[in-house]
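Structural overview for review
The primary structure of each chain is shown beneath.
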Amino acid sequence: MKGRILRSLGGAAALALVMAGAPLLAQGNGPTDADLMNDAASTGDVLTYGMGPQAQRFSPLKQIDAANVAKLVPAFAASLGGEKQRGQEAQPIVYDGTIYVTGSYSRLFAFDARTGEEKWQYDARLPDAIMPCCDVVNRGAAIYGDKIIFATLDARVVALNRETGKVVWNKQIADYKEGYSATAAPIIVKGMVITGNSGGEFGVVGAVEARDVNTGELIWRRPVIEGHMGTLKGKDNGVTGKTNATWQGDLWKTGGGATWLGGTYDPETNLLFFGTGNPAPWNSHLRPGDNLYTSSTLAIDPDTGVIKWHYQTTPHDGWDFDGVNEFIPFDATINGKPMKLGAKADRNGYFYVLDRTNGKFISASKFVMQTSWADGINPKTGRPNYIEAGRPPAPGAEKGQPVFASPSFLGGKNWMPMAYSKDTGLFYVPSNDWGMDIWNEPIAYKKGAAYLGAGFTIKPIAEDHIGALRAMDPKTGKIMWEYKNKAPLWGGVLTTGGNLVFTGTPEGYLKAFDAKTGQELWKFQTGSGVIGSPVTWEQDGEQYVAVMSGWGGAVPLWGGEVAKSFKDINQGGALWVFKLAR
Ligand code: CA
Ligand code: CA
């Protein structure tokens, strides 16, 4: 009885707060939907992958600025330990005195945000037969209420109690034996955990799923290849696209399009934005047509899982130019008209700006040195002007003739997220200049086996660099400044109100640049390659910056000739946290 009275009193208090215009309080239970939507503005925490549902990776904090960043020093470092020192691509989550980071091999750690002491560690028990294509990475967790949630390499999503690290629920996204895996950070919208899947090199079918954050029960599922049926609350909810419109025969059944980088959410338009990966197999001669919705950006209704619009960056992709790159909502005035836009630096080497309300093409500009496969994007159709000699030809009975293609299949930009500064109006794009010899081969689909029908050798194309951090003006498509790096850049970017841009290098440095000029202002050697995404927050009146260090990811697995640029870099696994020296 007493409990009931207390609960009803609590309800009345919450109602009074709502009526007073205050945001809903978490009631001691942790972040709410409203907290997640407000993450970009709340400087005392980092609650979402991307530092806000729109994933702009911009913090208004300016205690650390271009004038004093040279005084940034370590507050502490925390090792992930074990023998699994490789591929730390995660972005930390910071909440209520705890830093949550995921580690390679599907591990999740909770560290004290003031001391770096470990509170708990969760190790997923992975089957031996998992098939991650591109290292054993994980990019981050999602937080909601009393839970911290992440995806695992055996294509599962796991919710843990954020205080204890104990499992609350654990659900399968897809069958790892067919080649599915999962590495992206989930996003949480309206009490739903939204995830994609990985495995585009195995002829899987990309999909986006929404689950009840409290139970893990499936709410809707949307396969992203035409012909496949979506579901909503256990019932059929319409076929994706139109069966056989852009795929011939049964090829859509193993069509790829893995949604392996997760998505962003725009509260203003109530749309989820997910990129989709390469069509399967890579050998494009085996699948005539545009192969929708591969290598595309999709806008999905989070309430139903229905696709509202699509924009395909590489129709009939023949180079593994996965279109998975993050689509970042932003607002700008174009030709005197204020517009709701979104930007994406695609693996194919072009930086796209679209009207995010309807997917309409606004502009596309090259952000890399070379695009050998297309001579620009047709502004009327939004389609690439293909250079036919740049497509690897059909093979005979064996290996086909190689062609040189740039960017390489690892892309003008791969998974590593760019950042958008509301102050400068610029996007900061971690990019790479490289090419490849690519050829086609015969291939037949076999469940659980690589389904490429292609081979490749990656090559540098410049004397002095592979990596390049580029500041792009989305209104003009111009590169305002660039920082060149010897080894390929593979880490995420952060920008702040202190006129700063932070990113890591494989050579082991976390670096800070002047956001307006690109001048390098500070660097710190972390002891291993930095391929994680930095974050910043305020705690006890001081601004902190954190990043994961630990070389790995796809580059050292597939590096070819470019491996010379990073052959002496050691592996690792540590969280580094910085603040200004007093
Ligand atoms: Ca926040
Ligand atoms: Ca791919």
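Residues numbered from 1 in each chain as written. Chains lettered and ligands numbered in written order. Predicted model: local features only at pLDDT ≥ 70, side-chain atom pairs only at ≥ 80, totals over all residues. Heavy atoms only, no water.

As for the environment of Trp490
- Inspection of the secondary structure puts Trp490 in the loop between strand S33 (479-485) and strand S34 (493-496).
- Classification of Trp490 by relative accessible area gives buried; the value is 1%.
- Sequence-distant contacts of Trp490, defined by excluding residues within four places in its chain, comprise Glu89, Leu410, Asn414, Trp415, Met416, Asn432, Trp434, Ile531, Gly552, Gly553, Ala554 and Val555.
- At a separation of 3.0 Å, a polar atom in the side chain of Trp490 contacts the side chain of Glu89. (Helix = DSSP H or I, 4+ residues; strand = E, 2+ residues; numbered from the N terminus. Buried < 20%, exposed > 50% of the residue type's maximum accessible area, 1.4 Å probe, protein only. Contact = heavy atoms within 4.5 Å. Polar contact = N/O pair within 3.5 Å; in protein donor to acceptor, adjacent residues only side chain to side chain.)

Structural notes on the sheet that holds strand S35 (residues 500-504)
- Strand order in the open sheet made by the five strands is S1-S34-S35-S36-S37, with mixed pairing throughout. Two strands close off the open sheet at either side, each with one partner strand: strand S1 (58-59) and strand S37 (520-525).
- Note: S35 against strand S36 (residues 509-514), five bridges, orientation antiparallel. If you follow Phe502 over to S36, its bridge partner there is Ala512. (Pairing = 2+ DSSP bridges.)

Section: the coordination of the calcium ion (ligand 2)
- Distances from the calcium ion (ligand 2) to its protein donors, Glu201 (OE), Asn278 (OD1), Asp320 (OD), Asp322 (OD) and Asp322 (OD), fall within 2.3 to 2.9 Å.
- Along the chain, the residues that donate to the calcium ion (ligand 2) are spaced as E-x76-N-x41-D-x1-D. (Donors = N, O, S within 2.8 Å, 3.2 Å for Na, K, Ca; no water.)

What to know about unusual backbone geometry
- With an omega dihedral of -5°, the bond running from Ala280 to Pro281 counts as a cis peptide bond.
- For the bond from Leu292 to Tyr293, the omega torsion is -10°, close enough to zero to count as cis.
- Along the chain, the position of Tyr293 falls in the loop between strand S18 (271-275) and strand S19 (296-300).
- Despite not being glycine, Asn244 shows a phi value in the positive range, around 65°.
- The residue Asn291 is not glycine, and still its phi comes out positive at about 60°.
- With respect to the element layout, Asn291 can be found in the loop between S18 and S19.
- The exposure class of Asn291 is buried, given its relative accessible area of 0%.

Comments concerning the environment of Pro60
- Turning to its location among the elements, Pro60 is positioned in the loop between S1 and strand S2 (72-79).
- For Pro60, a relative accessible area of 37% corresponds to the partly exposed category.
- As a C-alpha pair, Pro60 and Leu271 span 211 residues in sequence and 24 Å in three-dimensional space.
- If near-sequence neighbours (up to four positions away) are discounted, Pro60 is found in contact with Ala40, Thr43 and Gly497.

Side note on the pairing of strand S12 (residues 192-195)
- Residues Met192 and Ile194 line one face of S12 and the alternating positions Val193 and Thr195 line the opposite face, and both faces are buried.
- Examined bridge by bridge, strand S11 (residues 187-189) and S12 share three bridges and lie antiparallel to one another. Of the residues in S12, the one forming a bridge with Ile187 is Ile194.
- Where S11 folds back on S12, the antiparallel hairpin that results is connected by two residues, among which Lys190 adopts a positive phi of roughly 55°.

So, the coordination of the calcium ion (ligand 1)
- In the first shell of the calcium ion (ligand 1), the protein supplies Asp39 (O), Asp39 (OD), Ser42 (O), Ser42 (OG), Asp45 (O) and Asp45 (OD), at 2.2 to 2.5 Å from the metal.
- Taken together, the six donor atoms coordinating the calcium ion (ligand 1) span angles of 70 to 167° at the metal, a pattern that classifies the geometry as irregular.
- Going along the chain, you hit the donors of the calcium ion (ligand 1) in the pattern D-x2-S-x2-D.
- Given the relative accessible area of 16%, Asp45 is considered buried. (Tetrahedral: all angles 85-135°; square planar, octahedral: opposite > 155°, others 65-115°.)

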